[in-house]
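The lines below spell out each chain.
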Amino acid sequence: MNDSPTLRICALYPSRMNIYADRGNMLLLQHRCEARGIGFELTASEAGEHVDPDAHDLFYIGGGQDSDQIQIAGDMLETKQAALAEAAEGGKVILAVCGGYQLLGEYYELADQKVEGLGIVDLRTVREPGERLIGNVMIEFEVDGSPRVLAGFENHGGRTYLESGCPPLGRVLKGHGNNGKDGFEGVHVNNVFGTYLHGPLLPKNAWFADHLTRLALGGDIELEPLDDDLEDLAHESAIRAAGGGSGLMRLTQR
Amino acid sequence: MESVSKLKLGVAKSVGAASRLSGRGGGTSLPGKLLLRLQDDAIARLSSELPRGAVVISATNGKTTTASLLASVLGRSRIPVVHNRAGANMAGGIATALLDATKHGQVQGQLGLFEVDEAWTARIVEQTQPSVLLLANLFRDQLDRYGELETLADSWQQMIAQLPAETRVVLNADDPLLAGLGADRPNTLYFGLTDTSHAEPVPRHAADSKFCRRCGAPLEYEAVQLGHLGIYRCPNGDFARPTPQIAATKITTHGMEGSEITISTPDGPIDCELPIPGLYNVYNAVAATAAAHALDLTAGAISGGLAAARAVFGRVETLEIGGHSVALMLIKNPTGANEVLRTIAEESAPFDLWIALNDKIADGRDVSWIWDADFEMLAGKVGQITCSGTRAEEMALRLAYAGIDRKRLIVERAVEKSFDAAVADSVRAATPIFALPTYTALLELRTAIAKRGDAPSYWGST
Ligand SMILES: [Zn+2]
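On a predicted model such as this, the values are computed, not experimentally measured, just so you know. (Residues numbered from 1 in each chain as written. Chains lettered and ligands numbered in written order. Predicted model: local features only at pLDDT ≥ 70, side-chain atom pairs only at ≥ 80, totals over all residues. Heavy atoms only, no water.)

Remarks on the overall build of chain B
Part 1 of the argument: When helices and strands are tallied, chain B shows 16 helices and 19 strands.
Part 2 of the argument: For 462 residues, the compact-globule estimate of 2.2 N^0.38 gives 23 Å, and chain B sits close to it at 22 Å.
Part 3 of the argument: Taken along its principal axes, the extent of the C-alpha atoms in chain B is 65 × 60 × 40 Å.
Part 4 of the argument: Long-range contacts, defined as pairs at least 24 residues apart, comprise 70% of the intrachain contacts of chain B with a sequence gap of at least 6.
Part 5 of the argument: When the accessible surface of chain B is summed, it comes to about 17500 Å², and 51% of that surface belongs to carbon and sulfur atoms.
Part 6 of the argument: Across chain B, 44 positive and 51 negative side-chain charges occur, with their mean positions spaced 6 Å apart. (Helix = DSSP H or I, 4+ residues; strand = E, 2+ residues; numbered from the N terminus. Rg over C-alpha atoms; globule rule 2.2 N^0.38 Å. Contact = heavy atoms within 4.5 Å. Areas by Shrake-Rupley, 256 points an atom, 1.4 Å probe, with all protein chains shown as cover. Lys, Arg positive; Asp, Glu negative; His and termini not counted. Charge placed at Lys NZ, Arg CZ, Asp CG, Glu CD.)

And the structure:
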């Protein structure tokens, strides 16, 4: 790692896959890089544009309406699938949120059609009859041997099922998670992260933004601490909204 | 259609009176809810007694203001209306308005004027069979409650398909999500803005619907007025903005004072002075004018009615507090908030802000939207910002990432307490202050202020 690294992000279909203010995630990553003197580069890859897996450290795909997902899915397979599979294989960070998360898997089956996904991780999503799964949500998983909490908001009609052997991102503490049944949330394989915690999840979990930044920059980089008073308060507020107690707040402190 | 029995009306009315006297609230929709329990088609029965039928208004942003502007025009036209002016805009609220208008078992009034929640529009339209249906805009709002925009637009499409041919559908030509809904109806009336001097060349990122509903291609914009409203066309020629028959052809804005507008109509131009600020209120005025035109009201009633408009509850309301005026403006979704921010950012002198972000059901429990609103507009213009409400902390964080110096940010969740402190600070600093609450924070603040009465000394002393 040289002295002044640059975090190079590729946002996939940002003009369509942005339904829950996904922009907040990019803002957070950008400002935190700038505060630390880390370079920041954001490239958009829209329909018809090919992706170079070596030119970026982190790939982001956000949420969209069902109609948006159907619109982009074909293009994504055609122009981006190979590159993203190679990036995932090579340990690049991929953060896929909400609708983007659904597209990471084998397919998303809607009432009248089946949308083929990237097939990067071993999961399927099905639109089952019943209410959308909506609400504040909180999950727990281990990072470097310590338990951490991710808090946010979910709003999805699809139910996602992981194939056996495909690890979830976390365990649901409050909320619905992948399907409201098995207690799992998201997916985490290599440096590929998928989650139903939608839109601006990084502002609610600045620690996770730093975790992804570290992984994207090669894993062995030390990030300078920042004045995170407001970030910590926002994290606690999201936990409180999800119905988490003060014990959980302590758990998430550095 | 048979009327509702006097007995049922009487029972529901007395419950309403009791709940209003007790001050426990709910008086604006509770009697109607009870009436609907006694008579489930009460809305259809009572509204069928209105000789001029009903106007139903729905939109994500501005429906309360648009209905109040139209009410003002109808007042000038001496047409007695039954209007859910308290803003209770689901079935219970509309039934309450109708119930309140009954006397000796009969609805008094000529015309129904109903502002209706987007999710309830199809049901209320089916029951009231309106003579005029005004659909003014669809923006991203409370996705946890309303679902996706496309789904809502599809359900409105079905609703319109079932209307009789004589119903006058009034649509915003500048909203690509709505404009297409009138394609099969020859008497559709369109309104819009043709003066593009306040427009931007490309949509902001918060814009919601930027794609052709037919081929999926991104729409090309010649001008963007606000959000995704503007002059647009599909690059593949499927679809373009219809020419509005009712159009604001000249708009001059005067900051918080309001705007001067010229509205062209098939009967000739109407000049009016609109005393409420912002381009979003110009849209509301043109929408109200279009509905008034559909009702055959006169140009004089329209210009007089718009000029006499007062800002409605929380949609730019000025409070005098200890000799200091505080402008209250509701924020609830990215496009609405952007227009409020755009209006106050035009102020030349620095100002303070109090923003209250609640995440209760009526606000939308998901506060993600604040990351889509352009609070960046405030950077360099604002003195102190107090963040309040149940999600005060994330609001403050949003502002920090919008480039506001963290030292200018105060976080205090309690609505009334933080408001008092913020106003007191602004009085001391002789700085204007704007108050931007979400819906339930606005109610909370309003209740607190009403309890105290008009006691300027109290405000001055905090
Ligand atoms: Zn098209």
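What follows continues from the structure just given.
Looking at the state of the cysteines
Residues and elements named next belong to chain A.
Part 1 of the argument: Applying the stated rule across the entire model yields 0 disulfides over all chains.
Part 2 of the argument: Cysteine cysteine 166 remains unbridged, with the sulfur of cysteine 98 as its closest cysteine sulfur at 18 Å.
Part 3 of the argument: When its relative accessible area of 9% is taken as the criterion, cysteine 166 is described as buried. (Disulfide = S-S within 2.5 Å. Buried < 20%, exposed > 50% of the residue type's maximum accessible area, 1.4 Å probe, protein only.)

Re the environment of lysine 8 of chain B
Residues and elements named next belong to chain B.
Part 1 of the argument: Relative to the helices and strands, lysine 8 is located in helix α1 (residues 6-22).
Part 2 of the argument: Along the chain, lysine 8 and glutamine 39 lie 31 residues apart, while their C-alpha atoms are 7.7 Å from each other.
Part 3 of the argument: For lysine 8, the contacting residues outside a window of four places in its chain are Leu35, Leu38 and Gln39.
Part 4 of the argument: At 3.0 Å, the side chain of lysine 8 forms a polar contact with the side chain of glutamine 39. (Polar contact = N/O pair within 3.5 Å; in protein donor to acceptor, adjacent residues only side chain to side chain.)

Overview of the packing of helix α1 (residues 23-35) of chain A against helix α6 (residues 206-216) of chain A
All names here are of chain A.
Part 1 of the argument: It is the contact of α1 with α6, at a shortest axis distance of 10 Å, that shows an interaxial angle of 70 degrees. Between α1 and α6, the crossing angle belongs to the class labelled roughly perpendicular. Where α1 crosses over α6, the handedness of that crossing is right-handed. Taking contact as the criterion, the partners of Leu28, Leu29, Arg32 and Cys33 in α1 are, on α6, Ala206, Ala209, Asp210 and Thr213.
Part 2 of the argument: For the contact of α1 with α6, a count of residues per class yields 5 nonpolar, 1 polar and 2 charged. (Axes fitted to C-alpha atoms, helices over the stretch in contact; angles between N-to-C directions. Parallel < 35°, antiparallel > 145°, perpendicular 65-115°, else oblique. Left-handed = near helix turned anticlockwise from the far one by under 90°. Nonpolar A, V, L, I, M, F, W, Y, C, P; charged D, E, K, R; others polar.)

Describing the environment of alanine 179 of chain B
Residue and element names in this part refer to chain B.
Part 1 of the argument: By the element assignment, alanine 179 lies in helix α9 (residues 176-179).
Part 2 of the argument: With 63 residues separating them along the chain, alanine 179 and proline 242 place their C-alpha atoms 7.1 Å apart.
Part 3 of the argument: Among all residues touching alanine 179, those that are not within four sequence positions of it are Leu171, Asn172, Ala173, Tyr190, Tyr232, Phe239 and Pro242.

Quick look at the interface of chain A and chain B
Part 1 of the argument: Contacts between the two partners involve 36 residues from chain A, matched on the other side by 34 residues from chain B.
Part 2 of the argument: The contact between chain A and chain B buries some 3100 Å² in all, and 51% of this surface belongs to carbon and sulfur atoms.
Part 3 of the argument: Contact with chain B buries surface across chain A, with Arg23, Gln65 and Leu230 of chain A losing the most and accounting together for 21% of the total.
Part 4 of the argument: Joining chain A to chain B, the criterion identifies 4 salt bridges.
Part 5 of the argument: Counting the contacts that link chain A with chain B gives 19 residue pairs in polar contact (both at pLDDT 80 or more). (Buried area = accessible area lost by both parts, 1.4 Å probe. Salt bridge = Lys/Arg side-chain N within 4 Å of Asp/Glu carboxyl O.)

Side note on the confidence of the model for chain B
Predicted coordinates in regions of low pLDDT should not be interpreted in detail.
Residues and elements named next belong to chain B.
Part 1 of the argument: For chain B, per-residue confidence averages 90 on the pLDDT scale, and 94% of positions sit at 70 or higher.
Part 2 of the argument: Predicted confidence for residues 454-462 stays below pLDDT 50, and this span has 12 contacts to residues more than four positions away or in other chains.
Part 3 of the argument: Scoring of the predicted complex yields 0.84 for pTM and 0.95 for ipTM. (pLDDT = per-residue confidence, 0-100.)

Describing the pairing of strand β8 (residues 189-193) of chain B
Residues and elements named next belong to chain B.
Part 1 of the argument: Within β8, 5 of the 5 residues are buried, which leaves it mostly tucked inside the rest of the structure.
Part 2 of the argument: Along β8, one buried face is formed by Leu189, Phe191 and Leu193 and the opposite face, lined by Tyr190 and Gly192, is buried too.
Part 3 of the argument: Summarising the sheet, strand β7 (residues 168-172) and β8 pair through 3 bridges and their orientation is parallel. Of the residues in β8, the one forming a bridge with leucine 171 is tyrosine 190.
Part 4 of the argument: For β8 and strand β11 (residues 246-253), the ladder comprises 3 bridges, and the chain directions are parallel. Each bridged residue has a counterpart across the sheet, and for leucine 193 the counterpart in β11 is alanine 248. (Pairing = 2+ DSSP bridges.)

A closer look at the coordination of the zinc ion
Residues and elements named next belong to chain B.
Part 1 of the argument: For the zinc ion, the protein coordination sphere consists of Cys212 (SG), Cys215 (SG), Cys234 (SG) and Asp238 (OD), at 2.1 to 2.3 Å.
Part 2 of the argument: Read in sequence order, the donor residues coordinating the zinc ion give the pattern C-x2-C-x18-C-x3-D. Placement of the pair is cysteine 212 in the loop between β8 and β9 (220-226) and cysteine 234 in the loop between β10 (229-233) and β11, with a sequence separation of 22 residues. Judged on exposure class, the residue cysteine 212 and its partner cysteine 234 are both buried. (Donors = N, O, S within 2.8 Å, 3.2 Å for Na, K, Ca; no water.)

With respect to the sheet that holds strand β13 (residues 270-274) of chain B
Residues and elements named next belong to chain B.
Part 1 of the argument: Across the sheet, which stays open at both edges, the 9 strands sit in the order β2-β5-β1-β6-β7-β8-β11-β12-β13 with mixed pairing between neighbours. Sheet topology places β2 (81-83) and β13 at the edges, where each strand pairs with a single neighbour. Recorded for the sheet is a direction-independent mean angle of 20 degrees between the axes of neighbouring strands.
Part 2 of the argument: As paired elements, strand β1 (residues 54-58) and strand β6 (residues 132-135) share 4 bridges and run parallel to each other. Directly across from serine 58, in β6, lies its bridge partner leucine 135.
Part 3 of the argument: Sheet strands in contact with helix α4 (residues 63-76) are β1, β2, β5 (111-115), β6 and β13, and its direction is about 160 degrees off that of β5.

Digging into empty space enclosed by the protein
Residue and element names in this part refer to chain B.
Part 1 of the argument: Scanning the entire structure with this criterion turns up 4 cavities of 30 Å³ or more.
Part 2 of the argument: Taken as a whole, the largest cavity encloses approximately 160 Å³ of empty space.
Part 3 of the argument: Broken down by class, the residue content of the lining of the largest cavity amounts to 6 nonpolar, 4 polar and 7 charged.
Part 4 of the argument: The two domains that each donate at least three residues to the lining of the largest cavity are domain 1 (52-94 + 106-308) and domain 2 (315-461). (1 Å grid on protein atoms, 1.4 Å probe; cavity = no way out; pocket = protein on both sides within 12 Å on 5 of 7 lines; lining within 4 Å. Points joined across faces, edges and corners; volume = space filled by probe spheres on them. Domains from an automatic or database assignment.)

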